[in-house]
Protein chains: 2
Amino acid sequence: MEAKESSSWRRTTYCGQLRLNHVGEEVVLFGWVHRHRDLGNLVFIDLRDREGLVQVVVLSSRGELLKEAKKVRLENVIAIEGVVKRRDEKSRNPSLPTGEVEVEAKDLKILNTTKVPPFVIVDPPQASEELRFKYRYLDLRRPSMQRNIKLRHQTALNIRNFLSESGFLEIETPFLTKSTPEGARDYLVPSRVYKGRFYALPQSPQLFKQILMISGFDRYFQIVRCFRDEDLRADRQPEFTQVDIEMSFIEKEDIFNLVEGMMAAVLELIGVKISIPFPRLTYEESMEKYGTDKPDLRFGEEKSFRFTWVTEFPLFEWSKEEGRLVSMHHPFTSPLEEDLVLLEKEPLRVRAKAYDLVLNGIEIGGGSIRIHNLELQKRMFNKLGLSQKEVEKKFGFFLEALCYGVPPHGGIALGFDRIVMILAGEESIREVIPFPKTTSALCLLTGSPGEVEAKQLEDLGLKKTKA
Amino acid sequence: MEAKESSSWRRTTYCGQLRLNHVGEEVVLFGWVHRHRDLGNLVFIDLRDREGLVQVVVLSSRGELLKEAKKVRLENVIAIEGVVKRRDEKSRNPSLPTGEVEVEAKDLKILNTTKVPPFVIVDPPQASEELRFKYRYLDLRRPSMQRNIKLRHQTALNIRNFLSESGFLEIETPFLTKSTPEGARDYLVPSRVYKGRFYALPQSPQLFKQILMISGFDRYFQIVRCFRDEDLRADRQPEFTQVDIEMSFIEKEDIFNLVEGMMAAVLELIGVKISIPFPRLTYEESMEKYGTDKPDLRFGEEKSFRFTWVTEFPLFEWSKEEGRLVSMHHPFTSPLEEDLVLLEKEPLRVRAKAYDLVLNGIEIGGGSIRIHNLELQKRMFNKLGLSQKEVEKKFGFFLEALCYGVPPHGGIALGFDRIVMILAGEESIREVIPFPKTTSALCLLTGSPGEVEAKQLEDLGLKKTKA
């Protein structure tokens, strides 16, 4: 037989959800002490949980209880048993959703005490970002962070349901995969079984999603973590989240329709209606008219949401650093058929079936119709200056896959962190990522990256070089 | 202005969805050639897409088209324009959902050709697992794999919607985190910015989900990839997917109710009704009665689904190898209050607030009520033989977090791959993971882990030791 559980209070409602219709009800609340005012014969406690604040009052008539209530400190975890009362007119707080009621305590338990927090939990935050990252669990208690993380959840769920209803399957791709250093630097993971060999964390599931098209899944998506070991700018993180989409037997119009519908559904979450289809500009038009490929079409209306597609990006750009052509998008992007004749002689004039989605001057996504022809893919690697040996080593498995019945396909990847940032009205993706890293890729909360034991390195067949 | 897209056919329906009610309709289909029978003046093609097969017939009256249809090879990607016809009685195929109709082709395009596949795409598979992993994109074309991956998608979506409707927020936790080697071996990720220091890939988001409770999110879940660098047994993978759940201000009853409702909803996906609540056994009862802590309660009814909770696991077990007590669950598991008196003198008799969920003799999940008291958590580390210095180094940040108003909390983690495996009626999780690795952690498709360039290691301040 199981041991008996200690009898315990059960929550009846969240603090932040109490309204006039609860008046007269007996409630049990759990939460954190947000404010504490001891008026001598009366104690007021603002109790906070994920849904908001409510005022609790402990009356002088409650002798022992009042004593207990005086002991309470900020950020203590407490339980309250009490009755919901209507506040009288002059004590109502219209700035609080629960401001028309208060809870008259009949019992109170202190469930856990607290050291004095290193900063006050208040919006806007007053502590430095450094301190907030170190004590992220306290920073995340701020109502605006609770709201942002909830919005992030709702946005992901909304996207998942929208895409599923549109016939897409969410399919997981590996995190321990192959290093194919094109573009950004890979994070490597040493193999213990095969010493001296490495997995890489994916910069995106690009090849896997194309392979899923070759597998016949037809419509794939994934909300997925991606990794880039770059020197970080303000709006970048070493790990970030992407809405990754791929479809077979389609043209770019199909991608545009889908994403427009999806963004409209997402914006409804914050009560914003947008009109579709979105306007389009070719890369050339955008550069000529706005001098950028990420035009902000708000023109002063700061609170609106202005999307635009930018299409027909150049297939290549010239890298001075490397002295060779590099892909503007990635090496799997299809050129426009009508520009194929320029590929050998004027490659920089070749336009690609590539497109970006721009929202309020921020690039929130990019994609393309892919190459599904083996010979064209080989030509592309060749134009990028990759030797046949390099191609074989890095992309051999993919070229092999291109031999076995590849459907025409294309897709897009959207920056999920940026989308949530814009929805939340924040200026930085760090405000919508639960546990962000600093610009030098440190996690101040856990102290990672950290030292590891000598034995761990030894197991991997590695040693540190002299500094 | 955008360049004009080449006019192209648009799919009207999936092959596998054609039924009698489509008779007379003009359709455009895309897919792979599953069978090809050339009868001279008549060609039959079984066209396959994600939803199934349909028979296409090319009649002798279609001169040029018949010639084209003769060129088609197995696994070619083709497009068909045609009319849906009712098959006459004697040519109906009752074993095929589309078997009452066929499509009479009016036009046909070969969109891509194919090398001869290394194995036939057929259920059950006839190739070795090794070959199937190398050509996973071909193996995934098997109808049973298409079904399994679709079921995996539906299961994840179902769980996400169930938990969201129950007030849970899906919150992403970091993949680049801190190495805390307790239990299995971590996968390490070298830092380039801080040479000689390492991130670790999470074995589970255990500490982060507890920190999210400290942050006040109250109800968290995540369907999340986890990593363990272990010598693999048949039913293990180096990366696997977990349904991770945590709640505040609850008892184990709340976890049980939630998970029972969730599993009932998941089993409805395959048309199975189960009765809740699930039976319970204490660890002691289970060992006494069945000689195992993973009892199979089907007793011969092989096709049924029999769940049981196993509760009150011992808090510790004795590790001969290490000559010390180790946690049976993990070091954050709360002991039963009534057994606390035994902690110093008879620790092996202390029972924990830990529970496993067992389905048909397979452990599909495990969890516990956690320790939310700093002093008890320190005592626990002490009993596990960790020095104060070790504790500080590995878990210092977490002990610090335990100082700042921790709610009572608990949770569970469920093995998502195993759940889908059981739903799909498969014997191995490799049949429900899109891109599995071998038991020596190789990806035969991409060839990872692979060699990396010397420069990449140099950037990380690492070199290989002599073999």
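Above this text is the structure in question.
Residues numbered from 1 in each chain as written. Chains lettered and ligands numbered in written order. Predicted model: local features only at pLDDT ≥ 70, side-chain atom pairs only at ≥ 80, totals over all residues. Heavy atoms only, no water.

A closer look at the relation of the copies chain A and chain B
- Between chain A and chain B, the superposition needs a rotation of 180 degrees and an axial shift of 0.0 Å, giving an RMSD of 0.0 Å. In short, the pair behaves as if placed about a two-fold rotation axis.
- A share of 100% of the interface residues of chain A reappears at the interface of chain B, consistent with the copies meeting face to face through the same patch. (Least-squares fit on C-alpha atoms with pLDDT ≥ 70 in both. Contact = heavy atoms within 4.5 Å.)

Looking at the packing of helix 4 (residues 143–165) of chain A against helix 4 (residues 143–165) of chain B
- At a closest axis distance of 11 Å, the pairing of helix 4 of chain A and helix 4 of chain B adopts a crossing angle of 140 degrees. Taken together, the axes of helix 4 of chain A and helix 4 of chain B lie oblique to each other. Here helix 4 of chain A runs over helix 4 of chain B; the crossing is left-handed. Judged by residue contacts, His153(A), Leu157(A), Arg160(A), Asn161(A) and Ser164(A) of helix 4 of chain A engage His153(B), Leu157(B), Arg160(B), Asn161(B) and Ser164(B) from helix 4 of chain B.
- A per-class count over the contact of helix 4 of chain A with helix 4 of chain B returns two nonpolar, six polar and two charged. (Axes fitted to C-alpha atoms, helices over the stretch in contact; angles between N-to-C directions. Helix = DSSP H or I, 4+ residues; strand = E, 2+ residues; numbered from the N terminus. Parallel < 35°, antiparallel > 145°, perpendicular 65-115°, else oblique. Left-handed = near helix turned anticlockwise from the far one by under 90°. Nonpolar A, V, L, I, M, F, W, Y, C, P; charged D, E, K, R; others polar.)

Notes on the interface of chain A and chain B
- On the chain B side, the residues contacting the 139 residues of chain A number 139 residues.
- Carbon and sulfur atoms make up 55% of the surface buried where chain A meets chain B, a total of about 12,400 Å² over both sides.
- Run the count over chain A and chain B and you get 18 salt bridges.
- Between Arg160(B) and Glu170(A) there is a salt bridge; the shortest N-O distance is 3.5 Å.
- If you look at where chain A meets chain B, you find 72 residue pairs in polar contact (both at pLDDT 80 or more).
- Sort the elements by how many residues they give to the side of chain A that touches chain B and helix 4 of chain A lands first, with ten residues.
- Each residue belonging to the side of chain A that touches chain B can be placed in one class, and the counts come to 63 nonpolar, 33 polar and 43 charged. (Buried area = accessible area lost by both parts, 1.4 Å probe. Salt bridge = Lys/Arg side-chain N within 4 Å of Asp/Glu carboxyl O. Polar contact = N/O pair within 3.5 Å; in protein donor to acceptor, adjacent residues only side chain to side chain.)

Topic: the sheet that holds strand 6 (residues 169–170) of chain A
Residues and elements named next belong to chain A.
- Pairing is mixed across the open sheet formed by eight strands, whose spatial order is 6-9-10-17-16-15-12-11. In this open sheet, the two strands that pair with only one neighbour each are strand 6 and strand 11 (280–282).
- Relative to strand 17 (residues 409–415), strand 10 (residues 239–248) is paired through seven bridges, and the arrangement is antiparallel. Each bridged residue has a counterpart across the sheet, and for Glu-246 the counterpart in strand 17 is Gly-411.
- Seen against the sheet, helix 10 (residues 416–424) touches strand 10, strand 15 (354–359), strand 16 (362–369) and strand 17 and runs at an angle of roughly 140 degrees to strand 16. (Pairing = 2+ DSSP bridges.)

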